[in-house]
Amino acid sequence: AQRVTQPEKLLSVFKGAPVELKCNYSYSGSPELFWYVQYSRQRLQLLLRHISRESIKGFTADLNKGETSFHLKKPFAQEEDSAMYYCALTPVSGGYNKLIFGAGTRLAVHP
Amino acid sequence: DAGVTQSPTHLIKTRGQQVTLRCSPKSGHDTVSWYQQALGQGPQFIFQYYEEEERQRGNFPDRFSGHQFPNYSSELNVNALLLGDSALYLCASSLRGHGYTFGSGTRLTVV
């Protein structure tokens, strides 16, 4: 079964603290993994994808195939990072790739 | 570029009625996917349209149907509405299934 699990519904930290949003996936093949973010009153948007291996807004995510995890990390949280974060995977099968989302984690960064 | 446009933004329907939601994809995109997001959950894939045909379908009953027009815009139809169909319906467009851009969604309330 294809599944994405985000074990934390809410992660609350203080400004300047490190952040790690957990994501585990279940998929028999080699999926492509993503993190999407939704800021207050804004639409869902792509934050980063594992194949890019880039850092966006200070966030990074490493794909660990052995642990089937794709945790999102940032060394120093900022108040503007407060948002809803969704981990998602897409089965790599042809060009028509649906997204399978986790339930999301709300990150609250306090001053 | 207005990005992905969805209409209406909010809708209230009575149980048993039928509803049609509309989506205009981002300029240059040819593929439209629909997602249902229940309160507190991540988006769930309903189906995807490319070249006016349904290419993939998620685990949704036949009450959910769609259409894609020659200009790539799309409609989502839901028949015999149930209370459990109350959700945010998201449209995402892409170029041949890669690089999704999401709309702001239509909030459907079934009473």
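Residues numbered from 1 in each chain as written. Chains lettered and ligands numbered in written order. Predicted model: local features only at pLDDT ≥ 70, side-chain atom pairs only at ≥ 80, totals over all residues. Heavy atoms only, no water.

Remarks on the overall build of chain B
Across its full length, chain B holds 0 helices and 11 strands. Computed over its C-alpha atoms, the radius of gyration of chain B comes to 13 Å, within 12% of the 13 Å expected for a compact globule of 111 residues. Viewed in the frame of its principal axes, chain B has a C-alpha envelope of about 40 × 25 × 25 Å. When each of the 111 residues of chain B is scored for burial, the buried share is 51%. Entry remark: accessible area of chain B is about 5200 Å², with carbon and sulfur atoms responsible for 49%. With 9 positive and 9 negative side-chain charges, chain B shows a spacing of 9 Å between the two charge centroids. (Helix = DSSP H or I, 4+ residues; strand = E, 2+ residues; numbered from the N terminus. Rg over C-alpha atoms; globule rule 2.2 N^0.38 Å. Buried < 20%, exposed > 50% of the residue type's maximum accessible area, 1.4 Å probe, protein only. Areas by Shrake-Rupley, 256 points an atom, 1.4 Å probe, with all protein chains shown as cover. Lys, Arg positive; Asp, Glu negative; His and termini not counted. Charge placed at Lys NZ, Arg CZ, Asp CG, Glu CD.)

Brief notes about the interface of chain B and chain A
Tallying the contact residues gives 20 residues for chain B and 13 residues for chain A. Inspection of the region where chain B meets chain A yields 5 residue pairs in polar contact (both at pLDDT 80 or more). Class assignment for the residues of the side of chain B that touches chain A results in 8 nonpolar, 10 polar and 2 charged. (Contact = heavy atoms within 4.5 Å. Polar contact = N/O pair within 3.5 Å; in protein donor to acceptor, adjacent residues only side chain to side chain. Nonpolar A, V, L, I, M, F, W, Y, C, P; charged D, E, K, R; others polar.)

Regarding the pattern of salt bridges
In total, this model carries 8 salt bridges over all chains according to the counting rule given. Note that K22 of chain A and E20 of chain A form a salt bridge whose closest N and O atoms lie 3.2 Å from each other. Looking at K22 of chain A, the relative accessible area reads 30%, which means it is partly exposed. Of the charged contacts in the structure, one is a salt bridge between R55 of chain B and E51 of chain B, with a shortest N-O distance of 3.2 Å. One salt-bridge network, in which partners are shared between bridges, spans E20, K22 and K73 of chain A. (Salt bridge = Lys/Arg side-chain N within 4 Å of Asp/Glu carboxyl O.)

Observations regarding the packing of aromatic side chains
On inspection of all chains with the given rule, the structure shows 11 aromatic pairs over all chains. Each ring, one from F34 of chain A and one from Y36 of chain A, has its centre 6.1 Å from the other, and the planes form 45°; the classification is tilted. By relative accessible area, which is 7% here, F34 of chain A ends up buried. The exposure class assigned to Y36 of chain A is buried, which follows from its relative accessible area of 2%. Relative to F45 of chain B, the ring of Y35 of chain B has its centre 5.6 Å away and its plane inclined at 65°; by these criteria the two rings are edge-to-face. (Phe/Tyr/Trp six-rings, centres within 6.5 Å; stacked < 30°, edge-to-face > 60°.)

Notes on the state of the cysteines
Residue and element names in this part refer to chain A. Summed over all chains, the structure comprises 2 disulfides over all chains. Disulfide partner of C23: C87, at an S-S distance of 2.0 Å. Every disulfide takes its handedness from the sign of the S-S torsion; for C23 and C87 that torsion is -65°, giving left-handed. Highlighted residues: C23 in the loop between β3 (19–21) and β4 (24–26) and C87 in strand β9 (residues 83–90), separated in sequence by 64 residues. Among the residues examined, C23 registers a relative accessible area of 0% and is labelled buried. For C87, a relative accessible area of 0% puts it in the buried group. (Disulfide = S-S within 2.5 Å.)

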